[in-house]
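# Observations on the three-dimensional arrangement
Here is what each chain is made of, one letter per residue.
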Amino acid sequence: MHALTGFSLVSLLSFGYLSWDWAKPSLVADAPAEAGDQPSVAPRQPPHIIFILTDDQGYHDVGYHGSDIETPTLDRLAAEGVKLENYYIQPICTPSRSQLLTGRYQIHTGLQHSIIRPRQPNCLPLDQVTLPQKLQELGYSTHMVGKWHLGFYRKECLPTRRGFDTFLGSLTGNVDYYTYDNCDGPGVCGFDLHEGESVAWGLSGQYSTLLYAQRVSHILASHSPRRPLFLYVAFQAVHTPLQSPREYLYRYRTMGNVARRKYAAMVTCMDEAVRNITWALRRYGFYDDSVIIFSSDNGGQTFSGGSNWPLRGRKGTYWEGGVRGLGFVHSPLLKRKRWTSRALVHITDWYPTLVGLAGGTASAADGLDGYDVWPAISEGRASPRTEILHNIDPLYNHARHGSLEGGFGIWNTAVQAAIRVGEWKLLTGDPGYGDWIPPQTLAAFPGSWWNLERMASARQAVWLFNISADPYEREDLAGQRPDVVRALLARLADYNRTAIPVRYPAENPRAHPDFNGGAWGPWASDEEEDEEEEESRARSLSRGHRKKKCKICKLRSFFRKLNTRLMSHRI
């Protein structure tokens, strides 16, 4: 165990701490030597908010969790702030981002199933006020840098129409780190780097992690610290493709597993980008009145170098390895610093928490599922959150061995769902691969090592764990505690009664980049969307009445049928 999770003094000296330039002013303010209540620093204005989101970074893949990957900046910021060790996110990209920006569970946005794909006429619901829009109302300047992945089929869906004054980044889920090309199937490829609402062709060739950090520094340099600032930095790193500048790869040249080596280099590059951002905050006078929040968006992808060890599962699953997040808060405004919080926190909580810090109000009365957890983080009070609906996805493959009878007539256990209430966690349906996967230190991984701890039972559709006592989900208590199972199934049924219909439309061939000058971007107008809905209604009313159709209409029909067959298999 120690060989897998510990890192040596030699590795610390060889990179982690010697790479820090101690001759320069500290990146962070001096903090007290011991934890405890500290007098708060009253800000002159609402604080500057810097939210840093990483992509596919595993729970194990940070230095303070004992990783073999050096992250000296993250380690120091977390050590002098508040580490969130009972913090939850969603298992894939779009759901986490949608819940961050709306403060609502997926069942209340219609995004319960999978991600928003590039060719889908879908985006974050336009009738919901986003976090940046709320902060704009409170006088904030709002800027986004990085990955959007919340839909773009109409211009109204773009970041600059959803509350951000400026935007530099990609609209789709994964792009090449240098060329910014993204393919959504064979031959369906396009360029995806945008500045504002224009395609940023001229920025191609720059590594995205470094480009985004440079843009953040530019924003800080050109902005007055006297006006409150919201910076949402959504790094593409460390999502596939596994690409890194050569100098970072060289540091991990002795790492046997190639995927892990590339992944480690990407994590370290991202760590240094965060260092540059925190340095710029100090240089341009923002730091003393700032709140820095760091979060991952989902569990690590173990097929691509990531590690969630010792948690069970991986990205795309509802096991702890898919939904337990990396998170910390660093700020001179914290009343209590240098401690680890076990308060229950979910990614939906950032919406009301940050609105509250900005001087506004947001609560369940506004349709939110999040809570203001700032007193729990800053002062160590009890969290107002006692439960989390991880999700209910009625479109995901139904479990063969699930049934309404198996759910005591309360809930169909074939449906994929997961919920946490107090110390108990219940999963139904197919939660995804439930393996315990050690860090990929071996050159031949996965190989035979993959079969060491595979999930043994497939004839099952209900699991119950005491997460407080068993965070690694090794002891299923469903058979021993049917009373708890019943109670949590009833909570799932309660939540499901508030769910809105899933929005997962068929892909539209009009989205092909070839129709947009070779780049991904909006393709539908309001009129086109209305026409498509009219077509759909007409087809349902006049079944069998055949009309001569244009080529594009035939393509549209083909993709709808194909999508119906495949939608449950997509992540």
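Residues numbered from 1 in each chain as written. Predicted model: local features only at pLDDT ≥ 70, side-chain atom pairs only at ≥ 80, totals over all residues. Heavy atoms only, no water.

Moving on to the sheet that holds strand β17 (residues 387-393). Taken together, the four strands give an open sheet; going across it, the order is β17-β18-β19-β20, and neighbouring strands pair in antiparallel fashion. Either end of the sheet is taken by a strand with one partner, and the two such strands are β17 and β20 (462-466). The mean angle between the axes of side-by-side strands here comes to 10 degrees, regardless of whether they run parallel or antiparallel. The pairing of strand β18 (residues 416-421) with strand β19 (residues 424-428) spans five bridges and is antiparallel. Pairing of Val421 across the sheet is with Trp424, part of β19. The strands that helix α12 (residues 482-496) touches are β17, β18, β19 and β20; relative to β19, the one it contacts most, it runs at about 70 degrees. (Pairing = 2+ DSSP bridges. Helix = DSSP H or I, 4+ residues; strand = E, 2+ residues; numbered from the N terminus. Axes fitted to C-alpha atoms, helices over the stretch in contact; angles between N-to-C directions. Contact = heavy atoms within 4.5 Å.)

Each regular strand carries side chains that alternate between the two faces of the sheet. Among the seven residues that make up strand β12 (residues 290-296), seven are buried, leaving the element largely enclosed by the rest of the structure. Of the two faces of β12, the one lined by Ser290, Ile292, Phe294 and Ser296 and the one lined by Val291, Ile293 and Ser295 are each fully buried. Alignment of strand β2 (residues 48-54) against β12, held across seven bridges, turns out to be parallel. The residue bridging Ile52 from the neighbouring strand is Phe294, located in β12. (Buried < 20%, exposed > 50% of the residue type's maximum accessible area, 1.4 Å probe, protein only.)

Between its first and last C-alpha, helix α6 (residues 208-221) extends 20 Å over 14 residues, near the 20 Å set by a 1.5 Å rise per residue. All buried positions along α6 are accounted for by Ser208, Thr209, Leu211, Tyr212, Ala213, Arg215, Val216, Ile219 and Leu220. On the buried face of α6, the contacting elements are β5 (141-147), β6 (166-170), β9 (194-195), β11 (229-234) and α8 (258-283). (Expected span 1.5 Å × (residues − 1).)

The next point concerns the sheet that holds strand β15 (residues 339-341). The strand order β10-β9-β6-β5-β11-β2-β12-β13-β3-β15 describes an open sheet built from 10 strands, whose pairing is mixed. Strands with a single pairing partner mark the edges of an open sheet, and in this sheet they are β10 (198-199) and β15. Where β6 and β9 come together, two bridges link them in antiparallel fashion. Among the inter-strand pairings, Leu168 is bridged to a residue of β9, identified as Glu195.

Let us look at the nonpolar core. Nonpolar side chains tend toward joint burial in soluble globular proteins. Of all hydrophobic cores here, the largest spans 54 residues; its most connected members are Ile52, Leu193, Leu220, Phe235 and Met270. Listing elements by their share of this core, those giving two or more residues are β2, α3 (72-79), α6, β11, α8 and β12. No other element matches α8, which puts 12 residues into this core. Setting aside residues no more than four positions away along its own chain, Phe235 makes contact with Ile52, Leu53, Thr54, Asp55, Thr209, Tyr212, Met270, Ala273, Val274 and Ile277. Grouped together as the second largest cluster of nonpolar side chains are 53 residues, Leu84, Leu333, Leu368 and Trp374 included. (Core = buried A, V, L, I, M, F, W, Y, C linked by side-chain atoms within 4.5 Å.)

All right, on to the side chain of Gln106 then. Note that Gln106 resides in the loop between α4 (93-102) and α5 (131-137). Here the side chain of Gln106 touches Gln99 through a polar contact of 3.1 Å, side chain to side chain. Only 3.5 Å separates the side chain of Gln106 from the backbone oxygen of Gln112, close enough to count as a polar contact. Filtering out sequence-adjacent residues up to four positions away, Gln106 remains in contact with Gln90, Pro95, Gln99, Leu111, Gln112, His390 and Asn391. (Polar contact = N/O pair within 3.5 Å; in protein donor to acceptor, adjacent residues only side chain to side chain.)

This part is about the packing of aromatic side chains. Geometrically, a pair of aromatic rings is defined through the distance of the ring centres and the angle of the planes. Applying the stated criterion across every chain, the model contains 15 aromatic pairs. Centroid distance Tyr178 to Tyr207: 5.2 Å. Interplanar angle 45 degrees. Geometry classified as tilted. Note that Tyr178 is positioned in the loop between β6 and β7 (181-183) and Tyr207 in the loop between β10 and α6, a separation of 29 residues in sequence. The exposure class assigned to Tyr178 is partly exposed, which follows from its relative accessible area of 28%. Each residue in the set Phe51, Tyr87, Phe164, Phe230, Tyr232 and Trp350 is aromatic and connected to the rest through ring pairs, giving one cluster. One residue, Arg474, lies across the ring of Trp436, its end atom 4.4 Å from the ring centre. (Phe/Tyr/Trp six-rings, centres within 6.5 Å; stacked < 30°, edge-to-face > 60°. Lys NZ or Arg CZ within 6 Å of the ring centre and 35° of its normal.)

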